[in-house]
Amino acid sequence: MIVLGLESSCDEMAAAVLADRTVRSSVVRSQVDLHAAYGGIVPEIASRDHALHVGFVIEEALEKAKVTPSMLDGVAVTSGPGLIGSLLAGVEAAKGLAVAARKPLIGVHHLEGHIASALLENPAPEPPFVALIVSGGHTSIVLVPELGGPYEVIGQTRDDAAGEAFDKTAKSLGLGYPGGVEIDRLSQTGDPTAFGFPDVMPGRDNFAFSFSGLKTAALRLLERETLPLTGQRLADFCASFQDAVVENLLGKALRATRRSQTGRLIIVGGVAANQRLRERALEKAKGHQVQVYLPSRANCTDNAAMIACAGMVRLARGERSPVGLAARAHWPLQDLGRS
Amino acid sequence: MLLAIETSTRSGSVAVGLEDGSVTFESLASGRNEDLAETVATLFPEGGEAITSYALGIGPGSFTGLRVGLCFLKGYATVFPRPVAAISSFRVVAEQVFEAEPSASSVLVVIDARNRELLAGRYLKDQGAVRVDEELPDGLYDLAALEAQLGDWRSGRDLLAGEGATLLGASLERADAGLWVPRADTLARLAAPELRAGKGRTIRGLEPAYLQRPTAERRGAVHSGKD
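Residues numbered from 1 in each chain as written. Chains lettered and ligands numbered in written order. Predicted model: local features only at pLDDT ≥ 70, side-chain atom pairs only at ≥ 80, totals over all residues. Heavy atoms only, no water.

(A) Examining the overall build of chain B more closely. Helices and strands together make up the secondary structure of chain B, namely six helices and 11 strands. For chain B, the C-alpha atoms occupy an extent of roughly 55 × 55 × 30 Å along the three principal directions. Expressed as a percentage of the 227 residues in chain B, the buried residues total 53%. Across chain B, the fraction of contacts at a sequence separation of at least 24, relative to all contacts at a separation of at least 6, is 65%. For chain B, the accessible surface area stands at approximately 9800 Å², while carbon and sulfur atoms represent 47% of it. (Helix = DSSP H or I, 4+ residues; strand = E, 2+ residues; numbered from the N terminus. Buried < 20%, exposed > 50% of the residue type's maximum accessible area, 1.4 Å probe, protein only. Contact = heavy atoms within 4.5 Å. Areas by Shrake-Rupley, 256 points an atom, 1.4 Å probe, with all protein chains shown as cover.)

Given below as structure tokens:
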């Protein structure tokens, strides 16, 4: 089966061609440079750039894969959740291509796409497993009985996503955008025990997160410092903050995995590219007798191969979306797979 | 065969123009521009192989509406790459008014751009042909400044059209409100001669005629993070 995937839920316009589980092409146009001056994503700027580039990105993906539209078995597109103007660019282009080529169309939930990113790796985890989905917009622990759902959300953030906390704290430190990458880099030479951060939302049965609390704790600590932090002090602060986020994420995800008795944990989403998270996940998993799966960094950030993969699973089941498919800014993952 | 798409307002439409000059028109339900794909699929149940060119209402208008039409067509043109004529949606409205009101000498098309600004464009009838007024081309204008200068542009029977018409007071005669919405069949008739003259272009690098910078660029507003 050959599927074209499109992803445009936020600030990346991506297209990919998947032939069974082989990625034939994966093109990602990032808008980081466009939004850097604002220290965050500007939805209207994102929408305009998507509308300008969607045709180029699709054609590049098809050309690199040496595939023509007539060879496709389906078109998969992220139809939510996300920024509505951004989503719309990918959804409408996918509808246009599917209608013209008379190919099946399937709308994909963005988070299901992230879960599917683990299936593009070798070895790929066999469901059931637990997924820690951690990015700039989402932080959830999800039980995945099989791809396609229904999914059980074991826990999720009550306020900021982990990636958002990284970016906002980086902004407080005067670092560039996206701040999570900068904190990761500076932490390499920092002491993670130099600053003490609280354990937010503690408790063995509590799988909810609150990264707003950690962000506030960071601001309180910075009030005692001479700003701006520089040199080793800056590296120590970054390492301490990062460690607090990582330990919080992993502690809850590993406990949830043990409780699920699946023995398998996948960590997906943009924050899964964080070096400290990857290292600590593998270290801590041994003590919990859990097998951890970490997608390659290219598959962690938003991409269309993961959307094609999730769409392929649904298309293989005979599922189809109507050509009137609408983008959805809000779409609870729990709604997937419900009859 | 020409496929014409106009989605710059809440009342979008699609038209198919044939070589003999006849035009088939389909309106989309009000506020349902995203039904465009279903409508085109219905018009071309066997696929769009017979389409030789496209016409697109490029704006100004609703940013979302314009992107629906443009992005759909970019996807469609991936399969059937054909030349496209990108026509001002204001020019389409002006053409409709001139067709209905042969005695009109000018048509000023306006829509509300908020913050006491208007998107406006003035069109003149010159020896039977409609052309844009180079003094007032499609663009973003200050409401008070535009209103103050209306008297300077008197050229005969001057008509006002577009959803911003009510903001300009009663100094100009308003065209029938039924003519204010740009229609795809008018677009198809305007585009056909341009396309026959080889003035079509590729669609890949096409952008809507926003005529306004994003609000965030003007004010520095920033979304709090990823959704």
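(B) Spotlight on the domain arrangement of chain B. All names here are of chain B. Looking at chain B, the domain boundaries give domain 1 (2-88 + 181-219) and domain 2 (91-179). Computed from C-alpha atoms alone, the centre-to-centre distance between domain 1 and domain 2 is 23 Å. Counting from both sides, the interface comprises 17 residues of domain 1 and, opposite them, 16 residues of domain 2. For the domain 1 and domain 2 pair, buried surface summed over both sides reaches about 1400 Å², with 54% attributable to carbon and sulfur atoms. Considering only the surface of domain 1 that becomes buried against domain 2, Ser88, Leu190 and Leu211 emerge as the three largest contributors, covering 32% of it. The salt bridge involving Arg91 is made with Glu194; its shortest N-O contact spans 2.9 Å. (Domains from an automatic or database assignment. Buried area = accessible area lost by both parts, 1.4 Å probe. Salt bridge = Lys/Arg side-chain N within 4 Å of Asp/Glu carboxyl O.)

(C) Geometry of the domain arrangement of chain A. All names here are of chain A. Split into domains, chain A comes out as domain 1 (2-115 + 301-335) and domain 2 (125-294). Using only C-alpha atoms to locate each centre, domain 1 and domain 2 end up separated by 27 Å. A buried area of about 1700 Å², summed over both sides, lies between domain 1 and domain 2, and 69% of it is on carbon and sulfur atoms. Along the contact surface separating domain 1 from domain 2 lie four residue pairs in polar contact (both at pLDDT 80 or more). (Polar contact = N/O pair within 3.5 Å; in protein donor to acceptor, adjacent residues only side chain to side chain.)

(D) Main features of the interface of chain B and chain A. On the side of chain A, 43 residues touch chain B, which itself brings 37 residues to the contact. Between chain B and chain A, a total of about 3500 Å² is buried, with carbon and sulfur atoms accounting for 66% of that surface. Linking A:Glu44 and B:Arg67 is a salt bridge whose minimum nitrogen-to-oxygen distance equals 3.0 Å. The set of elements that each furnish at least two residues to the side of chain B that touches chain A consists of α1 (36-43), α2 (63-79) and α6 (215-219) of chain B. Looking at which element gives the most residues to the side of chain B that touches chain A, the answer is α2(B), with 12 residues.

(E) Just the sheet that holds strand β7 (residues 139-144) of chain A, in detail. Residue and element names in this part refer to chain A. With respect to topology, five strands assemble into an open sheet ordered β8-β7-β6-β9-β10, the strand pairing being mixed. Each end of this open sheet is capped by a strand with a single partner; those strands are β8 (152-156) and β10 (291-293). Sheet twist, expressed as the average angle between the axes of neighbouring strands with direction ignored, equals 20 degrees. (Pairing = 2+ DSSP bridges. Axes fitted to C-alpha atoms, helices over the stretch in contact; angles between N-to-C directions.)

(F) Representation of the pattern of salt bridges within the structure. In total, this model carries 33 salt bridges over all chains according to the counting rule given. For B:Glu46, the salt bridge is made with A:Arg102, and the minimal N-O distance between the two is 3.7 Å. Of this pair, B:Glu46 sits in the loop between α1 and β4 (53-57) while A:Arg102 sits in the loop between α3 (84-101) and β5 (105-109), each in a different chain. The pair B:Glu46 / A:Arg102 is uniform in exposure class, with both members exposed. Where A:Arg280 meets A:Glu247, a salt bridge forms, and the shortest distance between an N and an O atom there is 2.7 Å.

(G) Seen up close, the sheet that holds strand β2 (residues 13-17) of chain B. All names here are of chain B. The strand order across the open sheet formed by five strands is β3-β2-β1-β4-β5, and the pairing between neighbours is mixed. Looking at which strands have only one partner, the edges of the open sheet turn out to be β3 (23-27) and β5 (84-87). Mean inter-strand twist for the sheet, computed between neighbouring axes without regard to direction, equals 15 degrees. Sheet contacts for α1: β1 (2-6), β2 and β3; angle to β2, the most-contacted strand, approximately 25 degrees. Against the sheet, helix α5 (residues 184-196) makes contact with β1, β2, β3, β4 and β5, and its axis sits at roughly 130 degrees relative to β1, the strand it touches most.

(H) Quick look at helix α11 (residues 305-316) of chain A. Residues and elements named next belong to chain A. Along its 12 residues, α11 runs 16 Å from first to last C-alpha, staying within 8% of the 16 Å computed at 1.5 Å per residue. Most of α11 sits inside the fold, with 11 of its 12 residues counted as buried. If you check which residues of α11 are buried, you get Ala305, Met306, Ile307, Ala308, Cys309, Ala310, Gly311, Met312, Val313, Arg314 and Leu315. Packed against the buried residues of α11 are β1 (2-7), β2 (12-19), β3 (22-30), β4 (74-80), β5 and α4 (110-117). At the C-terminal side of α11, Gly318 shows a positive phi close to 90 degrees. (Expected span 1.5 Å × (residues − 1).)

(I) Structural view of α1(B). Of all the residues in α1(B), the buried ones are B:Leu36, B:Ala37, B:Thr39 and B:Val40. The arc enclosing the buried residues of α1(B), seen along the axis, measures out at 165 degrees, which places them on a common side. Turning to α1(B), the residues buried within the fold contact α3 of chain A together with β1, β2, β3 and α2 of chain B. (Arc of directions from axis to C-beta.)

(J) Summary view of the pairing of β4(B). Residues and elements named next belong to chain B. With five of five residues buried, β4 lies mostly within the body of the structure. Of the two faces of β4, the one holding Ser53, Ala55 and Gly57 and the one holding Tyr54 and Leu56 are both buried throughout. Note: β1 against β4, four bridges, orientation parallel. Bridged to Ile5 within β4 is Leu56. In this region the chain leaves β4, passes through α2 and returns to the parallel neighbour β5; the handedness of that crossover is right-handed. (Right-handed = clockwise from strand over helix to strand, strands pointing away.)

(K) Molecular detail of the packing of aromatic side chains. Under the defined criterion, the tally for this structure stands at nine aromatic pairs over all chains. Judged by centre distance (5.8 Å) and plane angle (50 degrees), the ring pair of B:Tyr76 and B:Phe80 falls under tilted. Through pairs of rings, three or more aromatic residues link up here, namely A:Phe166, A:Phe195, A:Phe197, A:Phe237 and A:Phe241. We note A:Arg48 situated over the ring of B:Phe63; from NZ or CZ to the ring centre the distance is 5.0 Å. Across the ring face of B:Phe25, the terminal group of B:Arg183 is positioned such that the distance to the ring centre comes to 3.9 Å. (Phe/Tyr/Trp six-rings, centres within 6.5 Å; stacked < 30°, edge-to-face > 60°. Lys NZ or Arg CZ within 6 Å of the ring centre and 35° of its normal.)

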